[in-house]
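# Geometric and topological summary
Read off the chains here:
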Amino acid sequence: MTDYPPNFTLSFGLHIGFQNDEVSVNKKGQQLLKDRNAWIQILDTNGNEVYELYKPEDAPMHYSPAQIVHSHMYPDTIDGYTLFVASPSNNKNLSYIIGFPSTEISKHTFEHESNLFALVIKFTLLVLLVSIIVFIITGNIFGNKLTNPVVRIVEGVELLSQKKYGIQYDEKGIYSKVFGSLNMLGENLKLSERERQKNERMREEWIANISHDLKTPLSTIKGYSEVLSDSGYHISKEEIILYSDIISKKVIYMEEMIEELRLNEKLKHNVMTLHKTKNNLTKFLRSIVVDILNDPNYSGRTINFNTPEEVIEYYFDQKLMKRAIENLLFNALIHNDQEADVIVNLYKQEKITIEITDLGRGIREEDVEKLFNRYYRGTNTKDHKGSGLGLSIAKEVIEAHQGEITVDSQLNIGTTIRITL
């Protein structure tokens, strides 16, 4: 009965994730809470809230140990909710509280003192003592078949907690399903650890690339500034204009890069406010294409814009949506040869669809899955400067508009990025 609130609370730890020192509840967990009209607070070792979802206004931000125990054991409620407490199996430093509507479940306690009650207690203790004796005798008889596998299971769990995932157990006997689950858990944990290490390496490489990409324009700015400020060096008016223009361009480049990092952080932590207005997507996309082709850097490229309708209206944040579409178009232009055409299709059926297709190099299948990773740079980006966050930001913006973005690509044929709104 996993739907029973106490069981539901104990098993909910599987939906709590940890990445880069941040706590979150996955989408399935969020939906489960929503279906139960429940809410959650995740607390650190000091009882301070580090995450919450759907909690009522009168829920405190801090709990003392006594409050946590009291909330779990006794029928305390918060704004009409009955509370249950548990701790994630993969992070014992945290605990979490889930509140269920009191109309669905409530707790009751009673206290009783009488000679009859004492007699019942004595009888219960006697039965318990007899049961323990019987269990010891049975354990001695059937120990090899029953207790030894249990010991191995406990040892297996301990090894998994120590990140030793390579042990495989024979899936046989009355505990065959348990050993099978241990094997599967070990394999999943091993894959998760590899993925975590891979993301950590990508993050470190990304930071190194960002540092290099910022240091390069800084070196240029420093060099030309020293020339301009050196009274012993005679420079012409034309040189002053040239050096100043170079410095200005480098500063603009750095400002854009810092702004991209700032925007990424806001989107990552869901603190970006969308200013949605009703706009014509046809006119909006056409103007973006025209602006890019009017840029001297891309005036020789070809972008074909196709749509069967002159008016397709949608509520969206113009500034953020423009940033997302431009990032996708620039990605198609920058990472392909000059001769590679780019096609933009816009149409509306059940949903609004935007397709950005380039007839270029294509992307390897293993790289497609990483394309929107914050720390991922493709294998053909060595000549391109920037934060590498463009596609990640585009995905965040589309999803913030309740949209979906997918990628289809074949090597030496091309890539299509599809947005559905």
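Heads up: the structure comes first, above all this text.
Described below are features of the structure shown in this document. (Residues numbered from 1 in each chain as written. Predicted model: local features only at pLDDT ≥ 70, side-chain atom pairs only at ≥ 80, totals over all residues. Heavy atoms only, no water.)

## A few points about the overall build of the protein
For the protein, the helix and strand inventory stands at 10 helices and 13 strands. A burial count over the protein gives 35% of its 421 residues as buried. Of all intrachain contacts in the protein linking residues separated by at least 6 positions in sequence, the fraction that spans at least 24 positions is 61%. (Helix = DSSP H or I, 4+ residues; strand = E, 2+ residues; numbered from the N terminus. Buried < 20%, exposed > 50% of the residue type's maximum accessible area, 1.4 Å probe, protein only. Contact = heavy atoms within 4.5 Å.)

## Section: the packing of aromatic side chains
Counted according to the given criterion, the structure contains 8 aromatic pairs. Relative to Y96, the ring of F12 lies with its centre 6.4 Å away and its plane at 55°, an arrangement referred to as tilted. Of this pair, F12 sits in the loop between helix 1 (5-11) and strand 1 (16-19) while Y96 sits in strand 6 (residues 95-101), and the two are 84 residues apart along the sequence. When sorted by exposure, F12 lands in the same class as Y96, which is buried. With a centroid separation of 5.3 Å and an interplanar angle of 40°, the aromatic rings of Y298 and F330 are classed as tilted. Highlighted residues: Y298 in the loop between helix 7 (281-294) and strand 8 (303-306) and F330 in helix 8 (residues 318-334), separated in sequence by 32 residues. For Y298, a relative accessible area of 15% puts it in the buried group. (Phe/Tyr/Trp six-rings, centres within 6.5 Å; stacked < 30°, edge-to-face > 60°.)

## Some details on the sheet that holds strand 11 (residues 352-358)
The 5 strands are arranged 8-10-11-13-12 in an open sheet whose pairing can be described as mixed. The open sheet has two edge strands, strand 8 and strand 12 (404-410), and neither has a second partner. With strand direction ignored, the average angle separating the axes of adjacent strands in the sheet is 15°. In the sheet, strand 8 pairs with strand 10 (residues 342-348) via 4 bridges, with the strands oriented parallel. (Pairing = 2+ DSSP bridges. Axes fitted to C-alpha atoms, helices over the stretch in contact; angles between N-to-C directions.)

## Things to note about the sheet that holds strand 6
Within a sheet, each strand pairs with its neighbour through backbone hydrogen bonds, oriented either parallel or antiparallel. Spatially, 4-3-6-5 is the arrangement adopted by the 4 strands of the open sheet, whose pairing is antiparallel. This sheet does not close on itself; its edge strands, each paired only once, are strand 4 (49-53) and strand 5 (81-86). Direction aside, the axes of adjacent strands within the sheet are offset by 20° on average. The pairing of strand 3 (residues 39-43) with strand 4 spans 4 bridges and is classified as antiparallel. What sits directly across from I42, in strand 4, is Y51. This element, helix 2 (residues 27-35), spans strand 3, strand 4 and strand 6 of the sheet and lies at about 60° to strand 4.

## Looking at the pairing of strand 3
In terms of burial, strand 3 is a largely internal element, 5 of the 5 residues being buried. Both faces of strand 3 are covered, namely the face carrying W39, Q41 and L43 and the face carrying I40 and I42. In this sheet, strand 6 lies alongside strand 3 in antiparallel orientation, the contact comprising 5 bridges. Within strand 6, the residue paired with I40 across the bridge is I98. Between strand 3 and strand 4, which pair antiparallel and follow one another directly, the connecting turn spans 5 residues, one of which, G47, has a positive phi of 80°.

## Some details on the pattern of salt bridges
Under the counting rule described, the total for this entry stands at 10 salt bridges. A salt bridge links R361 to D337; its shortest N-O distance comes to 3.2 Å. Of this pair, R361 sits in the loop between strand 11 and helix 9 (365-368) while D337 sits in the loop between helix 8 and strand 10, placing them 24 residues apart in sequence. As a salt-bridge pair, R364 and D367 come within 2.9 Å of each other at their nearest N and O atoms. (Salt bridge = Lys/Arg side-chain N within 4 Å of Asp/Glu carboxyl O.)

## What about unusual backbone geometry?
For N37, which is not a glycine, the phi torsion comes out positive at approximately 55°. By the element assignment, N37 lies in the loop between helix 2 and strand 3. If you check the backbone angles, N412 has positive phi at about 65° while not being a glycine. Topologically, N412 is positioned in the loop between strand 12 and strand 13 (414-420).

## As for the side chain of T357
Along the chain, T357 falls in strand 11. Note on T357: relative accessible area 15%, which makes it buried. A distance of 2.9 Å separates a polar atom in the side chain of T357 from a polar atom in the side chain of T416. Among all residues touching T357, those that are not within four sequence positions of it are D341, V342, I343, T415 and T416. (Polar contact = N/O pair within 3.5 Å; in protein donor to acceptor, adjacent residues only side chain to side chain.)

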